Amino acid sequence: MTTMNICWFITILLLLHSCNPGDGMDHGIVGGHVSVPHSRPYMVYIQDSRSKAACDGFLVREDFVMTAAHCKKSTLKVYLGVSDTTLLPHGIEVDSFPHPGFENKPGNDIMLLKLKTPATLNKTVTIIDLPNPWNDKMFKDCLVMGWGSMVYKHYSPSTVLRELNVTLKNLAHCFEPDVICNEDPFGPAQGDSGGPLVCKDIVMGIVSFNLEKTEGYLTGYTRISQHLLWINEIMKKNNI
Ligand SMILES: *[C@@H]1O[C@H](CO)[C@@H](O)[C@H](O)[C@H]1NC(C)=O
Ligand SMILES: *[C@@H]1O[C@H](CO)[C@@H](O)[C@H](O)[C@H]1NC(C)=O
């Protein structure tokens, strides 16, 4: 078994664990601080209307939200312009487009959600830019955010958005080219899945999995720049 397979195996274990109703999906930001309300207007709260399991995502076009493929459920709704999840606006129904190779590989943990009613952009609802193949490795100082757990291994979602600065290290030593890894004492946890890794106002990664290490946690993010062709194909085929 390669390192990649072991890693993916652990991710799947986390997923099975999180399939109990009422439990959140895989992976708050541990060690983060509360974001200024509405300062991250591209953030999207995602909830399964049946199980109430929650994930995060971000708006990439008026009619498309990007998130992690392991967040797929048949009755997902997306909530735009949210700061406090106890005050949710009207949810929008979606059609899901998980990456077809998701089951086989951690780097394919990416999904597009087509909004049945496109968003009307305003001060609290905006789009975030995707990376280019050439600016992908330029940034190290990034921000990760979510409404997930504030403590590791204990489902304790935050009702307000939290964020954490992270410095990317060891980019070359990851499981495979389409995963960005970072090791930190703190970071995303259960309920943060699908949220963005934002570097210089560009979204570089999607929160996918974490692994416990001796000095903190290793977080794996799906590397968006490796999927630009697939993203463009889905978005072109499903124009507004
Ligand atoms: C922006 O749009 C959101 C979602 O459609 C809506 O809830 C919010 O009230 C709007 N804000 C403004 C300032 O118009
Ligand atoms: C996070 O990083 C930004 C940009 O580098 C910086 O302005 C901000 O002060 C940092 N926040 C914290 C809490 O370190």
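Each value, and the rule that gives it
Residues numbered from 1 in each chain as written. Chains lettered and ligands numbered in written order. Predicted model: local features only at pLDDT ≥ 70, side-chain atom pairs only at ≥ 80, totals over all residues. Heavy atoms only, no water. pLDDT = per-residue confidence, 0-100. Contact = heavy atoms within 4.5 Å. Near = heavy atom within 4 Å. Polar contact = N/O pair within 3.5 Å; in protein donor to acceptor, adjacent residues only side chain to side chain. Areas by Shrake-Rupley, 256 points an atom, 1.4 Å probe, with all protein chains shown as cover. Salt bridge = Lys/Arg side-chain N within 4 Å of Asp/Glu carboxyl O. Helix = DSSP H or I, 4+ residues; strand = E, 2+ residues; numbered from the N terminus. Buried < 20%, exposed > 50% of the residue type's maximum accessible area, 1.4 Å probe, protein only. Pairing = 2+ DSSP bridges. Phe/Tyr/Trp six-rings, centres within 6.5 Å; stacked < 30°, edge-to-face > 60°.

### A closer look at the confidence of the model for the protein
Part 1: In the predicted model, the protein carries a mean pLDDT of 86, and 86% of its residues have values of at least 70.
Part 2: Across residues 1-7, confidence stays below pLDDT 50; counting only partners more than four residues off in sequence or on other chains, it has eight contacts.
Part 3: Confidence drops under a pLDDT of 50 for residues 12-27, and excluding neighbours within four residues, the segment shows 46 contacts in the predicted structure.

### As for the site of ligand 1
Part 1: Taken together, Asn 122, Thr 124 and Val 125 make up the full set of residues near ligand 1.
Part 2: At 2.4 Å from an oxygen atom of ligand 1 is found a side-chain nitrogen or oxygen belonging to Asn 122.
Part 3: For ligand 1, the accessible surface in isolation is 360 Å², of which the surrounding protein chains cover 41%.

### Considering the pattern of salt bridges
Part 1: Across all of its chains, the model carries nine salt bridges by this definition.
Part 2: A salt bridge links Lys 116 to Glu 93, with the nearest nitrogen and oxygen atoms 3.8 Å apart. Here Glu 93 lies in strand S7 (residues 92-98) and Lys 116 lies in the loop between strand S8 (111-115) and strand S9 (141-146), a separation of 23 residues in the sequence.
Part 3: The partly exposed category is assigned to Lys 116, whose relative accessible area is 48%.
Part 4: Measuring nitrogen to oxygen at the nearest pair gives 3.8 Å for the salt bridge that ties Lys 116 to Asp 95. Residue Lys 116 is located in the loop between S8 and S9, and its partner Asp 95 is located in strand S7; the two are separated by 21 residues in the primary sequence.

### Some remarks on the pairing of strand S15 (residues 196-199)
Part 1: Residues of S15 alternate between two faces, with Pro 196 and Val 198 on one and Leu 197 and Cys 199 on the opposite face, all of them buried.
Part 2: As paired elements, S9 and S15 share three bridges and run antiparallel to each other. Each bridged residue has a counterpart across the sheet, and for Leu 143 the counterpart in S15 is Val 198.
Part 3: For S15 and strand S16 (residues 202-213), the ladder comprises four bridges, and the chain directions are antiparallel. Residue pairing in the sheet places Leu 197 in a bridge with Gly 205 of S16.

### So, the pairing of strand S17 (residues 216-223)
Part 1: Of all the eight residues making up S17, eight are buried; the element is thus mostly covered by neighbouring parts of the structure.
Part 2: The pairing of strand S13 (residues 179-184) with S17 spans six bridges and is antiparallel. Among the inter-strand pairings, Ile 180 is bridged to a residue of S17, identified as Tyr 221.
Part 3: Pairing between S16 and S17: eight bridges, direction antiparallel. Among the inter-strand pairings, Glu 212 is bridged to a residue of S17, identified as Tyr 217.
Part 4: Remark: two residues form the turn of the hairpin made by S16 and S17, two consecutive strands paired antiparallel.

### Overview of the packing of aromatic side chains
Part 1: Using the criterion set out here, one finds four aromatic pairs in the structure.
Part 2: Seen from their ring centres, Phe 64 and Phe 97 are 6.4 Å apart, and the 55° between their planes marks the pair as tilted. One end of the pair, Phe 64, is in strand S5 (residues 64-67); the other, Phe 97, is in strand S7, with 33 residues separating them in the sequence.
Part 3: Aromatic rings pair up to connect Tyr 45, Tyr 79 and Trp 147 into one cluster.

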